[in-house]
2 protein chains.
Amino acid sequence: MKIREEVKNIKPYNPGKDRGGIKLNKNESPFSLPKELKNEILAALKDVSFNRYPESTGAGLREKLAAFHGLEKDNVVVGSGSDQLISYSVKLFSGKGAIVTPPTFSMYRFYSEVSGLKVFPVPLNPEFDLQIEKIKSAIKDAAIVFLCSPNNPTGNTFKRDSIVEILNTGTAVVLDEAYGEFSGVSHMDLIQDYENLLVLRTFSKAFGLAGARIGYALGGKKIIDYLLRVKPPYNLNSISLRIAEMMLENYEIVQERVEFIKSERSRIYRRFEEVCYPSQANFLLMDINAGDYFRERGISVRTFTGRLEDKIRITIGTKKENDLLIDSLKDYTEKRDDY
Amino acid sequence: MKIREEVKNIKPYNPGKDRGGIKLNKNESPFSLPKELKNEILAALKDVSFNRYPESTGAGLREKLAAFHGLEKDNVVVGSGSDQLISYSVKLFSGKGAIVTPPTFSMYRFYSEVSGLKVFPVPLNPEFDLQIEKIKSAIKDAAIVFLCSPNNPTGNTFKRDSIVEILNTGTAVVLDEAYGEFSGVSHMDLIQDYENLLVLRTFSKAFGLAGARIGYALGGKKIIDYLLRVKPPYNLNSISLRIAEMMLENYEIVQERVEFIKSERSRIYRRFEEVCYPSQANFLLMDINAGDYFRERGISVRTFTGRLEDKIRITIGTKKENDLLIDSLKDYTEKRDDY
């Protein structure tokens, strides 16, 4: 048994410490499903045959997602979290490596490395914007480029022109719009013109279903056909499939909650503008090194190593959670020299 | 965008035609959960926070599985089907390829190819037994060997001595015991002596939870530590985790149903011994080319291409389903010259 060197070097993913209390560390939705809807879902699960395999590609959900976005079933692949679709995408293209733009979601690097792709990092500039020219120079050896917009953990979006400029190189681009609902902007329409584009979306954030692990990829029919070839059958379970379908039928709940999160994001941002980066997502990156401070007060926030080691990322919570956060933040920023 | 040649050559997995009627084609359990248990499960799901990510490695289920098998949590990894654990295992080891022993479960080949491993097939001999010497000659270039016992779709088990002989080469061995409950034999105890062994088990067969997609791998702590490194976080959803835990607490239901399947397997085998291969699984391979015949009678069975193209595999069903199958089989075998 010879373990691959790449595997020996993998540091297990660290989702951050989670000590209970108020969880503002994972960019989850703070909201449970409305009781009535949850009961409806549980009632619907009575009719799901647990003993039978799901439909091989989740065709029912693919059709509903296609209708939802004005696309066709052949433009959609579903997965057990959009994560799983990242893991499929790194297997599709030939080339030496994957371009990633740190600081960004760490799973692009993880899946690339596990798949044996080299990682070519092209860091975001000091304004957390893409360095287009550097990406274009690195791209000739690349199999794939990962872009996350709004970007996790910085919260900003990238300009459509920049995304198009990268797409025009012809290299495959995975555009992760996991937080797209909170920005109100999507570039998924570009799949009509760019066969090299895959757009990822998730039910884990705005839809409030992180526990059910549901994501999807949108793309032109050609790239989706290839994605379906590397996708194993039955990759999404029957229960999550059914829950996702029912959430789509109740999208007004999602919309309402997105509006709430956006308004709370503004409230916190405006109050702490000096230490907050602008955000188009359901979280705020803050220029304070206050991970331990919050943890001691029962609030879990995301901390980092490396370039962002003196910053924290806080997820927008419920009104009550945000009030508590604001109190603590006020205390911290007013007395920060003491901490 | 340059699609990898390996991807272009992948034939999408074909789980076989599924036209409704009696489903004896996917080796599923024919039994729904007992109504009472399903209600208990649905009631328990009220307390599962759909909006929160699951525990990153499914620690709760890992602990329960460890206790169930008299092992420790660090001997267990859980996945979204044992399939997913195959996909992780092909990334672990260095070497040129994967040894598979056709006719066997096609996903070993699928995941190996998608991961860029060559596939070294060492076909089973005419008695569907392992060709140990040939495996041992092929093994020097191999990263991994896949063995399925009881083997799908042939139904036979491999001798413990043969498995041990392969383990003694030191190359990594994945021993898939998806159908282990129906044979009553497991070699999972070998993980104590062989650090190069991973044993796969599933909730999709005897446990009757194919729709929930739950599988697990057992191994020594070293190999499990590496497996956890290539496993992404949150790979199994919170709902399936909870369902699996509750099924383990109700294992007597599983046992009862396994006994039923075994007794029905004997009943069909004894009646059609001339055309049946002996089986230690929840299915029977039959030496009749009767796929279309059964399909016309509303019974879906598994058909094949290649070496088994003149055979079918039928999954053991409910009493009523098996009675109908037996009637049709009787009709077919008595009049087979007419078909």
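Residues numbered from 1 in each chain as written. Chains lettered and ligands numbered in written order. Predicted model: local features only at pLDDT ≥ 70, side-chain atom pairs only at ≥ 80, totals over all residues. Heavy atoms only, no water.

Run through the packing of aromatic side chains, naming residues and quoting values.
Between two aromatic rings, the relevant description is the distance of the centres plus the angle of the planes. Scanning the entire structure with this criterion turns up 26 aromatic pairs over all chains. Centroid distance Y293 of chain B to F294 of chain B: 5.3 Å. Interplanar angle 85°. Geometry classified as edge-to-face. On the basis of relative accessibility, which here comes to 5%, the residue Y293 of chain B falls in the buried class. By relative accessible area, which is 0% here, F294 of chain B ends up buried. Connected via pairs of aromatic rings, a cluster forms that spans F68, F203, F207, Y216 and Y251 of chain A. R271 of chain A extends its terminal NZ or CZ atom over the ring of F272 of chain A, reaching a point 4.9 Å from the ring centre. (Phe/Tyr/Trp six-rings, centres within 6.5 Å; stacked < 30°, edge-to-face > 60°. Buried < 20%, exposed > 50% of the residue type's maximum accessible area, 1.4 Å probe, protein only. Lys NZ or Arg CZ within 6 Å of the ring centre and 35° of its normal.)

How would you explain the pattern of salt bridges if you had to name every residue and give the values?
Two side chains bearing opposite charge may form a pair once their charged atoms approach each other closely. Residue and element names in this part refer to chain A. Counted by the stated rule, this structure contains 44 salt bridges over all chains. E245 is the partner of R242 in a salt bridge, and the nearest nitrogen-oxygen pair spans 3.3 Å. One end of the pair, R242, and the other, E245, are both in helix α10 (residues 238–249), 3 residues apart, so they sit about a helical turn from each other. For E245, a relative accessible area of 12% gives the class buried. (Salt bridge = Lys/Arg side-chain N within 4 Å of Asp/Glu carboxyl O. Helix = DSSP H or I, 4+ residues; strand = E, 2+ residues; numbered from the N terminus.)

Give a detailed account of unusual backbone geometry, specifying residues and quantitative values.
For the peptide bond that leads from N152 of chain A to P153 of chain A, omega is 15°, which places it in the cis range. Position of P153 of chain A relative to the elements: it lies in the loop between β5 (142–148) and α7 (160–167). Following P102 of chain B, the chain continues to P103 of chain B via a peptide bond in cis, the omega torsion being 0°. Assignment of secondary structure puts P103 of chain B in the loop between β3 (97–100) and α5 (107–114). Here the phi dihedral of Y234 of chain A falls at roughly 60°; this positive angle occurs in a residue that is not glycine.

Could you give me a rundown of the domain arrangement of chain A, with the residues and numbers involved?
All names here are of chain A. Looking at chain A, the domain boundaries give domain 1 (5–32 + 252–333) and domain 2 (48–250). The gap between the C-alpha centroids of domain 1 and domain 2 is 23 Å. Our enumeration of links across domain 1 and domain 2 arrives at 11 residue pairs in polar contact (both at pLDDT 80 or more). Per element, the largest residue contribution to the side of domain 1 that touches domain 2 is 7 residues, and it comes from helix α11 (residues 251–271). Looking at side-chain class alone, the side of domain 1 that touches domain 2 contains 13 nonpolar, 5 polar and 8 charged residues. (Domains from an automatic or database assignment. Polar contact = N/O pair within 3.5 Å; in protein donor to acceptor, adjacent residues only side chain to side chain. Nonpolar A, V, L, I, M, F, W, Y, C, P; charged D, E, K, R; others polar.)

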